[in-house]
Amino acid sequence: MTALPPPSLKKLGLVIDLDTCVGCHACVIACKGWNTENYGAPLSDLDPYGAEPEGTFLNRVHSYEVTPESGAPVTVHFPKSCLHCEDAPCVPVCPTGASYKRAEDGIVLVNEDACIGCGLCAWACPYGARELDALVGVMKKCTLCVDRIYNEALPERDREPACVRTCPSGARHFGDLGDPESAVSRLVAERGGIDLMPDLKARPVNKYLPPRPRDRLQEAPPDLAQLCEPGTEGLTGFLGWVDRTLSRF
Amino acid sequence: MHPAPSIIAFTALSGLGLGLLTYLGFGAVTPRGWSAFLWFGLGYGLTLTGLAASALHLGRPERALRAFSQWRTSWLSREAVLAALALLVLAPHAAGLVFWGRAVPLAGMAGAVLCLATILATSMIYAQLRTVPRWNHWTTPAVFLTAALAGGAILTARVELAELALPWLALTLALHWILGDRQFARSGQSPETATGLGPLGRVRQLEPPHTGPNYLLREMAYVVGRRHRMKLRVIAMILACLIPALLLGLWPGWPGLIPAAFSHLGGMLAARWLFFAEAEHVMGLYYGRR
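Residues numbered from 1 in each chain as written. Chains lettered and ligands numbered in written order. Predicted model: local features only at pLDDT ≥ 70, side-chain atom pairs only at ≥ 80, totals over all residues. Heavy atoms only, no water.

### Observations concerning the environment of Pro-259 of chain B
All names here are of chain B. Put simply, the rule reads: For the purposes of this entry, the term helix denotes a DSSP run of H or I that reaches at least four residues, the term strand denotes a run of E that reaches at least two, and both are numbered from the N terminus. Accessible area is worked out with a 1.4 Å probe on protein chains only. A residue is then buried under 20% of its type maximum, exposed over 50%, and partly exposed in between.
Along the chain, the position of Pro-259 falls in helix H10 (residues 254-277). Given a relative accessible area of 34%, Pro-259 falls into the partly exposed group. Put simply, Pro-259 and Pro-92 are 167 residues apart on the chain and 31 Å apart in space, counted from C-alpha to C-alpha.

Written as structure tokens, this is what we have:
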């Protein structure tokens, strides 16, 4: 049955730091790579070398411009994948039972062998986290790299989602958000992590850390030009001797 | 939302067929022999054609039977189960009238109730979605039910029933459009809530995640044709409600019924196209669309 399981104690998910994400899309590529070569049907591309390339992705990075009331606009890079919601609206709508939430750790998955590709779960998701693969005809979504995180064949440092493992700026964190003492939960508490579209009552597990306030110069430095002019003060050795000698003439 | 021809055909045709079967089941008309064969044949035919069209929409149609399993949680599954039950339960009534000229009222009544429940389940697939504020409203089941009852009344040739149901269809359609226009604003969702960046300022898309289109944009951020929505609403209203009511009023017999039925179906197809094309999914906010 596609009923949601009772809330699990363990709630595995991601914490995404919008302050440090540089928008490099490495997580997009790592995700596509891992999930095309491993669990489930590959993530297909259409017209990959043509004029209109497109494909199935489980993780996409948007970029937004945020204009404050006063001051300059800020660019915020915004990675988005399945948020593994506690009240996942994509699960109960599934007519076949293919879409389910794991009772043990809260990961939302699709049983691709039972999916009929009706697309209703993608309609029910507020976040655009599910994509129907055009070639295979089944729904694809983030698995939280369930085939990595418990995989004892991998070195321990690799037992986290591919997107987290690859992120060069440390903007992605993986852990148990059901445990208030976990590193990710403490990070969320410290930085005031937020839910996306909380009014829609999906209760996402993944949290987003808002950009930190930009610091401002309290007072202008005394002589900016001095910082830029190449000077010869303190020059020693041969170059110092040349400088001193030539300055005499 | 993407107005897929298969879903438009499915909801319009099966709605019409189930509406007709509802009247036949309740005994609004009790045809016998060949005329019963034609009438029930039309009802079953339309319903089954609609269901077949809906299967075409699936990514893996060969697994469609699995959709009967999750009736406890899924409206889509309930719709499949109820449609099958309605057609099965109604069968003794239909067979009785066709072959023996005798009604089986108990099966007819139960089948008619199941037909109505099927239409309700279809509408709830859309009405349950908080992500599509325009659908997430009581007018969605109201339109589906009144459309089936009005269309069914035309097909049963019970002019007085049709003249009763058509104004209700016009009213619910108008309410669905007018109230629906306010639904997205009422949901309170914006690029600021979608990204959670509202406290920092106004949010605008700077760059989409990819240069090309994708499934999400095609399926849920369909914006083509909204420009003509007012014209299409007028056309749908005239074809689905006004012309059938006038035709049946002027020529209550067969000469009026057949064009009335076609006009109604054409209008409902336009209305269903709008039902999808006008509906905005909150996901579009991530792409700077509505």
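### A word on the packing of aromatic side chains
Residues and elements named next belong to chain B. What counts, and what does not: Pairing of aromatic side chains here covers Phe, Tyr and the six-membered ring of Trp, requires ring centres within 6.5 Å, and sorts the geometry by plane angle: under 30 degrees stacked, over 60 edge-to-face, intermediate tilted.
Applying the stated rule across the entire model yields 16 aromatic pairs over all chains. Their ring planes at 85° and their centres at 5.4 Å tell us that Tyr-126 and Phe-276 sit as a pair that is edge-to-face. Of the two residues, Tyr-126 is situated in helix H4 (residues 105-127) and Phe-276 in helix H10; the sequence distance between them amounts to 150 residues. Judged on exposure class, the residue Tyr-126 and its partner Phe-276 are both buried. A centroid spacing of 5.4 Å and a plane angle of 70° characterise the contact between Phe-144 and Phe-275, whose relative ring orientation is edge-to-face. Here Phe-275 lies in helix H10 and Phe-144 lies in helix H5 (residues 139-155), a separation of 131 residues in the sequence.

### Describing the domain arrangement of chain B
Residues and elements named next belong to chain B. Note the threshold: A domain assignment, automatic or from a database, supplies the domain bounds used here. The contact criterion used is simple: two residues touch if any of their non-hydrogen atoms lie within 4.5 Å. Take a side-chain nitrogen of Lys or Arg and a carboxyl oxygen of Asp or Glu: if they are within 4 Å of each other, that pair is a salt bridge. Side-chain atoms alone can form a polar contact between residues adjacent in sequence; in general such a contact is a pair of N or O atoms within 3.5 Å, and within protein one must be able to donate a hydrogen while the other accepts it. Three residue categories are used. Nonpolar comprises Ala, Val, Leu, Ile, Met, Phe, Trp, Tyr, Cys and Pro, charged comprises Asp, Glu, Lys and Arg, and polar comprises the others, including Gly.
Domain annotation for chain B reports domain 1 (1-128) and domain 2 (130-203 + 212-290). For domain 1 and domain 2, the distance between their C-alpha centroids amounts to 21 Å. Taken together, the contact between domain 1 and domain 2 spans 29 residues of the former and 34 residues of the latter. Taken together, the connections running from domain 1 to domain 2 amount to zero salt bridges. Summed over the shared surface of domain 1 and domain 2, the result is nine residue pairs in polar contact (both at pLDDT 80 or more). Of all the secondary-structure elements, those providing two or more residues to the side of domain 1 that touches domain 2 are helix H1 (5-26), helix H2 (33-56) and H4. For the side of domain 1 that touches domain 2, the element with the most residues is H1, which contributes 11 residues. When the residues that make up the side of domain 1 that touches domain 2 are grouped by side-chain class, the tally is 20 nonpolar, nine polar and no charged.

### Overview of the sheet that holds strand S11 (residues 207-209) of chain A
All names here are of chain A. To keep it simple, the criterion reads: Following DSSP output, two strands are said to pair if at least two bridges run between them. Orientation is described by lines fitted to C-alpha atoms, with helices fitted over the stretch in contact, and by angles between N-to-C directions that extend from 0 to 180 degrees.
What the three strands build is an open sheet, ordered S10-S1-S11; its pairing is mixed. With partners counted over all chains shown, the strands left at the sheet margins are strand S10 (172-176) and S11, one partner each. Within the sheet, the average angular offset between the axes of one strand and its neighbour, ignoring direction, is 25°. Sitting on the sheet, helix H5 (residues 183-191) is in contact with strand S1 (12-17), S10 and S11, with an inclination near 120° to S10.

### A few points about the sheet that holds strand S1 (residues 202-207) of chain B
As summarised here, the arrangement of the three strands in space is S5(A)-S4(A)-S1(B), forming an open sheet in which the pairing is antiparallel. Each edge of the open sheet carries a strand with a single partner, namely strand S5 (74-81) of chain A together with S1 of chain B. Strand-to-strand, the axes of this sheet are offset by a mean angle of 40°, without reference to chain direction. Here eight bridges tie strand S4 (residues 59-67) of chain A to S5 of chain A, and the two strands are oriented antiparallel to one another. Of the residues in S5 of chain A, the one forming a bridge with Val-61 of chain A is Pro-79 of chain A.

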